[in-house]
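Here's the letter readout for the chains.
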Amino acid sequence: MEKFTLEILFQIIGIGSASGLFFNNDSLYVIGDNSGFLYEYNMQNQQLSQHALIDNPTQNIPKNIKPDFESIAHHNDTLYIFGSGSTENRNKMIAFDLKSKTVLQKNNLVDLYALMQNFGDIKPEDFNLEGAIFDGENWYLFNRGNGVSNKNTIFTIHAKNLGEEFALISVNYKLPKIKGVRSSFTDAILVEGKIYFLSTAEDTKSTYDDGEVLGSFIGRIDLKTMKIDFTQKITSTHKFEGLTLYKKENNKIEFLLCEDNDTDLLETKIFKLTLPVK
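Since this is a predicted model, take the numbers as computed values, not measurements.

A. Seen up close, the overall build of the protein chain. A count of helices and strands for the protein chain gives 1 helix and 22 strands. Taken over C-alpha atoms, the radius of gyration comes to 17 Å for the protein chain, in line with the 19 Å a tight globule of 278 residues would show. Its C-alpha atoms put the protein chain at 40 × 40 × 35 Å along the principal axes. Looking at the protein chain as a whole, 55% of its 278 residues qualify as buried. Looking at the protein chain alone, contacts between residues at least 24 apart form 49% of all its contacts between residues at least 6 apart. Carbon and sulfur atoms make up 45% of the accessible area of the protein chain, which totals about 12,100 Å². Once the 29 positive and 37 negative side-chain charges of the protein chain are each reduced to a mean point, those two points are 6 Å apart.

B. Quick look at the nonpolar core. If you look at the biggest cluster of nonpolar residues, it comprises 21 residues, and the most contacted ones within it are Tyr-80, Phe-82, Met-116, Leu-141, Ile-157 and Leu-162. Broken down by secondary-structure element, the contributors of at least two residues to this core are strand 7 (78-83), strand 8 (92-97), helix 1 (110-119), strand 10 (129-134), strand 11 (138-143) and strand 12 (152-158). Beyond its immediate chain neighbours, meaning those up to four positions away, Tyr-80 contacts Ser-71, Ile-72, Ala-73, His-75, Met-93, Ile-94, Ala-95, Phe-134 and Trp-139. Formed by 16 residues, the second largest nonpolar core is a distinct cluster that contains Phe-10, Tyr-39, Cys-258 and Ile-270.

C. The arrangement of the side chain of Arg-220 in detail. Tracing the backbone shows Arg-220 in strand 18 (residues 212-222). According to the relative accessible area criterion, Arg-220 is buried, its value standing at 9%.

D. Inspection of helix 1 at higher detail. Those residues of helix 1 that fall on the buried side of the exposure criterion are Leu-112, Tyr-113, Met-116 and Gln-117. Down the axis of helix 1, the sector holding all buried residues measures 140 degrees, keeping them to one side. Turned more than 90 degrees away from the buried face of helix 1, the exposed residues are Asp-111 and Asn-118. Against the buried residues of helix 1 lie strand 7, strand 8, strand 10, strand 11, strand 12 and strand 13 (167-173). Just downstream of helix 1 lies Asp-121, where phi reads positive at about 55 degrees.

E. Local environment of the sheet that holds strand 5 (residues 47-52). Across the sheet, 4 strands lie side by side as 2-3-4-5; this open sheet has antiparallel pairing. Taken across any chain shown, the strands that pair with only one partner, and hence form the sheet edges, are strand 2 (18-24) and strand 5. When the angles between neighbouring strand axes are averaged without regard to direction, this sheet yields 25 degrees. Note: strand 4 (residues 37-42) against strand 5, 6 bridges, orientation antiparallel. The residue of strand 5 that forms the bridge with Tyr-39 is Gln-50.

F. A look at the pairing of strand 18. Most of strand 18 is tucked away, with 9 of its 11 residues classed as buried. Where strand 18 lies against strand 19 (residues 227-235), 7 bridges are found, and the strand directions are antiparallel. Across the sheet, Ser-216 pairs through a bridge with Thr-235, a residue of strand 19. In sequence, strand 18 turns back onto strand 19 through a hairpin of 4 residues, with Met-226 there showing a positive phi of about 60 degrees.

G. Quick look at unusual backbone geometry. Of note, the phi angle at Lys-101 is positive, near 55 degrees, even though the residue is not glycine. Residue classification places Lys-101 among the partly exposed positions, given a relative accessible area of 29%. Positive phi, normally seen in glycine, also occurs at Asn-150, with a value near 55 degrees. Structurally, the position occupied by Asn-150 is in the loop between strand 11 and strand 12.

H. Spatial organisation of the packing of aromatic side chains. Counted according to the given criterion, the structure contains 14 aromatic pairs. Note on Tyr-80 and Trp-139: the rings are 5.0 Å apart at their centroids and 85 degrees apart in plane angle, and the pair reads as edge-to-face. Placement of Tyr-80 in strand 7 and of Trp-139 in strand 11 is noted, with a sequence separation of 59 residues between them. Of the two residues examined, Tyr-80 and Trp-139, each falls in the buried class. Grouped by ring-pair contacts, the aromatic residues Tyr-80, Phe-82, Phe-134 and Trp-139 constitute a single cluster.

I. The pattern of salt bridges, seen in detail. Following the criterion strictly, the structure yields 19 salt bridges and no others. The salt bridge involving Arg-144 is made with Glu-202; its shortest N-O contact spans 2.7 Å. Of the two residues, Arg-144 sits in the loop between strand 11 and strand 12 while Glu-202 sits in strand 17 (residues 194-203), which places them 58 residues apart along the sequence. When its relative accessible area of 2% is taken as the criterion, Arg-144 is described as buried. Glu-241 is the salt-bridge partner of Lys-239, the closest N and O atoms lying 3.6 Å from each other. What emerges from the salt-bridge pattern is a single network uniting Glu-130, Arg-144, Glu-202, Lys-239 and Glu-241.

Conventions adopted
- Residues numbered from 1 in each chain as written.
- Predicted model: local features only at pLDDT ≥ 70, side-chain atom pairs only at ≥ 80, totals over all residues.
- Heavy atoms only, no water.
- Helix = DSSP H or I, 4+ residues; strand = E, 2+ residues; numbered from the N terminus.
- Rg over C-alpha atoms; globule rule 2.2 N^0.38 Å.
- Buried < 20%, exposed > 50% of the residue type's maximum accessible area, 1.4 Å probe, protein only.
- Contact = heavy atoms within 4.5 Å.
- Areas by Shrake-Rupley, 256 points an atom, 1.4 Å probe, with all protein chains shown as cover.
- Lys, Arg positive; Asp, Glu negative; His and termini not counted.
- Charge placed at Lys NZ, Arg CZ, Asp CG, Glu CD.
- Core = buried A, V, L, I, M, F, W, Y, C linked by side-chain atoms within 4.5 Å.
- Arc of directions from axis to C-beta.
- Pairing = 2+ DSSP bridges.
- Axes fitted to C-alpha atoms, helices over the stretch in contact; angles between N-to-C directions.
- Phe/Tyr/Trp six-rings, centres within 6.5 Å; stacked < 30°, edge-to-face > 60°.
- Salt bridge = Lys/Arg side-chain N within 4 Å of Asp/Glu carboxyl O.

Structure below.
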């Protein structure tokens, strides 16, 4: 892999524990795993607004009852925001319309998540979805293998709607280690037939409790073969949990990243990662 660059682009005051983001038309949409809001940050005028995703939302919901929104998928004019499924409170999927800036629907995916656990042979305590992609025909949901079993799994659900009949495939991955700790999926996006993903090494055996952050990787998977093209360590200190496409040119691709600081502090740094395109 050729040289990459990673830099802090700007900081947003008012968002904490950022766990997913989506860039569109100068606006950056951000979710936080402690929050009941979808945040919209206009990068031109530096204005921050928020949209309620749940009833009676707050900025810092207690850990034992939070919906734990960890991933955003985008298709056409809709954002799909997923709870991690790591506890019974975390099974929501919210569809949000980008034009009207309103919630279209709220789904409880408890039955789907239970089926995925059974199909992928993942114990409930090891189930923790942290990435989501929707291409209009297939959903790709990424289980973060930071539990005891280290199950880094991509579930492919062939269905236009998660409420209809579907075909299900699961593929397990061994992601790179740092200091003997295997990294695990924290987000993913689809760019021209390639899945770009983030993975973080965190010294914990729990999907619930945080541990020492050892670093993060960027990687790529070919959608046709579902095999990893490359992985590249990009930091030894940051727990990157959000990834979105910023710009793509002939010889380089730029992403925006956000970091989960695992605190109640309402500050979020947005990073820019630049990679050569091969």
